[in-house]
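Letter by letter, the chains look like this.
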Amino acid sequence: MSETQPIRCETLIIGAGPAGLAMAGQLAHYKLPFTIIEASEHIGFSWRTHYDRLHLHTVKEHSGLPHFPFPDDTPVYPSRLDVVDYLEDYAAHFGIAPLFNQQVQHIRRQADGQWQVQTGTDSFLARQVIVATGYNRVPNQPELPGQLSFRGIIWHSRDYRNGSPFRDENVLVVGMGNTGAELALDLYEYGVRPVISVRNPVNIVKRDTFGRPAQPSAIFLSKFPDWLYDLASGLSQRVGGLGDLSAYGLKKPPYPPSYQIRKLGKIPVIDIGTVDAIKAGHIGVKPGIQQINRETVTFTDGSELPFDAIILATGYRPGLQTLLGNDLSAQVLNEKGYARQLWFDQPAAKGLYFLGFATPLTGILRGVRLDSEKIISHLLRSVKNGGN
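Calculation criteria
Residues numbered from 1 in each chain as written. Predicted model: local features only at pLDDT ≥ 70, side-chain atom pairs only at ≥ 80, totals over all residues. Heavy atoms only, no water. Helix = DSSP H or I, 4+ residues; strand = E, 2+ residues; numbered from the N terminus. Rg over C-alpha atoms; globule rule 2.2 N^0.38 Å. Buried < 20%, exposed > 50% of the residue type's maximum accessible area, 1.4 Å probe, protein only. Areas by Shrake-Rupley, 256 points an atom, 1.4 Å probe, with all protein chains shown as cover. Pairing = 2+ DSSP bridges. Axes fitted to C-alpha atoms, helices over the stretch in contact; angles between N-to-C directions. Contact = heavy atoms within 4.5 Å. 1 Å grid on protein atoms, 1.4 Å probe; cavity = no way out; pocket = protein on both sides within 12 Å on 5 of 7 lines; lining within 4 Å. Points joined across faces, edges and corners; volume = space filled by probe spheres on them. Nonpolar A, V, L, I, M, F, W, Y, C, P; charged D, E, K, R; others polar. Salt bridge = Lys/Arg side-chain N within 4 Å of Asp/Glu carboxyl O. Expected span 1.5 Å × (residues − 1). Core = buried A, V, L, I, M, F, W, Y, C linked by side-chain atoms within 4.5 Å.

Participant: Outline the overall build of the protein chain, listing residues and values.
Facilitator: The secondary structure content of the protein chain amounts to 11 helices and 20 strands. For 388 residues, the compact-globule estimate of 2.2 N^0.38 gives 21 Å, and the protein chain sits close to it at 22 Å. When the backbone C-alpha atoms are referred to their principal axes, the protein chain occupies close to 65 × 50 × 40 Å. Residue burial in the protein chain is summarised as follows: out of 388 residues, 49% are buried. Carbon and sulfur atoms make up 51% of the accessible area of the protein chain, which amounts to about 18,600 Å² in all.

The structure is reproduced here in structure tokens:
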């Protein structure tokens, strides 16, 4: 650990992904000083390492960061590489120069009210800290019963790039969130025989309905009372052409997608072709896993199928508790480990902000932009009031 003097800054941003850059862009726009640190060697590191076919499920018009839209020639749904290029251009436009290879070890409040952020090499002292480490930071890798006996490979989705290593093989995808649904489709298109293990009912909505993106409609409906939003959300699901999928092993929850994300914080599956592939028999669906065997998997319905590989599309966790410590975590995090608010006014957490930990149905990147506006307004008021 470094013995040098701490690096002092007014506002410290942790993370140079979309949320961290959005906040840096806001501060630069208002000519407020800041320092931004990043654990990796690159801006937008997660977007560089996602699977190849990934595109935004939200339209470019509602996915740009503050004060700098996507270029006009960007596709309606930007690709993974389009997003990487955009984030690089965003940083260059605002002169954002992160300090790289700064892996945060802990965040602690000092007796004088400053925040001390310790990385593997340096110590930072800041009046305000904006935590933008990402909604998906630490892979969630559950241990499946019997998995140590499996002779094939078991990957988390973070290790998946495309289906070429599995061509002409049987691959089990565990979990049908957006990643699981899209990886299964990608595997099929690479000549793989994929099966998805779907343990719970799943809400599915089409990315485009009648040739029109669903996101602008969701934004419009979000202005109305929750009950009307839920009614319209459920109706859109029924008329969108998905139909009853229970015959294919996909049960629907008793609540619409809007309710699911508002109350449970869980994004519905945005379908881009997986459902059609399931209906056509190209992608199999099985229930939860009962047992992993040497070369097969036994499911909770008693069936057993052979597999060459298993891909865990089991999501991520924010991993904030390890950074904040138990006492502070108990004050600011919810039961799932996400920040309960954008900022906190109680003395023990004053000056600590969180951005990028919400999952609005109207789009995560749009939510990041709107939340960054709220945070910068709060910071500007704080500056005007002398930091009080």
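Participant: How would you summarise the sheet that holds strand β17 (residues 304-306) if you had to cite specific residues and measurements?
Facilitator: Here we have three strands laid out as an open sheet, ordered β15-β16-β17, and antiparallel in their pairing. A strand with exactly one partner marks an edge of an open sheet, and here the two such strands are β15 (289-292) and β17. On average, each strand axis in the sheet is inclined to that of its neighbour by 25°, with strand direction left out of account. Relative to strand β16 (residues 296-299), β15 runs antiparallel, the two sharing three bridges. Paired with isoleucine 292 across the bridge in β16 is valine 297.

Participant: Outline unusual backbone geometry, listing residues and values.
Facilitator: One non-glycine residue, histidine 67, lies in positive phi territory at about 65°. Residue placement: histidine 67 occurs in the loop between α2 (45-49) and α3 (80-94). Judged by relative accessible area, which is 38%, histidine 67 ranks as partly exposed.

Participant: Explain the side chain of threonine 133 residue by residue, including any values.
Facilitator: If you trace the backbone, threonine 133 turns up in the loop between β5 (123-131) and β6 (138-139). Residue class for threonine 133 comes out buried when judged on its relative accessible area of 19%. Those residues within four positions of threonine 133 in sequence are excluded, and the remaining contacts are Ile14, Leu320, Leu323 and Phe357.

Participant: Can you explain empty space enclosed by the protein? Please cite residues and give values.
Facilitator: Counted according to the given criterion, the structure contains one cavity of 30 Å³ or more. The calculated volume of the largest cavity comes to roughly 30 Å³. For the largest cavity, the full set of lining residues is Asn178, Ala181, Glu182, Val269, Ile270, Asp271, Ile272 and Thr274. Listing elements by their share of the lining of the largest cavity, those giving two or more residues are α4 (178-189) and β13 (269-271). Of the residues belonging to the lining of the largest cavity, the class tally is four nonpolar, two polar and two charged.

Participant: Give me the sheet that holds strand β7 (residues 153-156): which residues, what numbers.
Facilitator: The five strands are arranged β7-β18-β8-β9-β14 in an open sheet whose pairing can be described as parallel. Every other strand in the sheet has two partners, leaving β7 and β14 (284-286) as the edge strands with one partner each. Adjacent strand axes in the sheet meet at a mean angle of 25°, parallel and antiparallel pairs treated alike. Bridge count between β7 and strand β18 (residues 309-312): four bridges; the pairing is parallel. The partner of tryptophan 155 across the bridge, within β18, is isoleucine 311. Most of the contacts of α4 go to strand β9 (residues 193-197), to which it runs at about 165°, and overall it touches β8 (170-174), β9 and β18.

Participant: So, the pattern of salt bridges: which residues are in play, and what are the values?
Facilitator: Oppositely charged side chains may form a pair once their charged atoms are brought near each other. For the structure on display, the rule yields 13 salt bridges. Among the salt bridges present, the one from arginine 80 reaches aspartate 52, with a minimum N-O distance of 3.7 Å. One end of the pair, arginine 80, is in helix α3; the other, aspartate 52, is in the loop between α2 and α3, with 28 residues separating them in the sequence. Aspartate 52 gets classed as partly exposed once you look at its relative accessible area, which sits at 36%.

Participant: Would you mind going over helix α11 (residues 364-384) in detail, with residue names and values included?
Facilitator: With 21 residues, α11 ought to run about 30 Å at 1.5 Å a step, and its terminal C-alpha atoms sit 30 Å apart, in line with that. Residues of α11 that are buried in the fold lie against α1 (18-29), β5, α5 (215-221) and β20 (352-354).

Participant: Account for the environment of arginine 167, naming residues and giving values.
Facilitator: Positionally, arginine 167 belongs in the loop between β7 and β8. When the C-alpha positions of arginine 167 and alanine 181 are compared, they lie 18 Å apart, and in sequence the two are 14 residues distant. Once you skip the residues sitting within four places of it in the chain, arginine 167 turns out to touch Tyr190, Gly191 and Val192.

Participant: Let's hear about the nonpolar core: which residues, and what values?
Facilitator: Counting residues in each nonpolar core, the largest one holds 64 residues, and the members touching the most others are Leu21, Ile204 and Leu250. For this core, the elements supplying multiple residues, two or more each, are α1, α3, β8, α4, α8 (274-279), β18 and α11. In this view, leucine 250 contacts Met176, Val198, Val202, Ile204, Leu245, Ile278 and Val285; residues no more than four positions away in its chain are not counted. By size, the runner-up hydrophobic cluster in this structure holds 25 residues, among which are Val117, Val129, Leu320 and Leu352.

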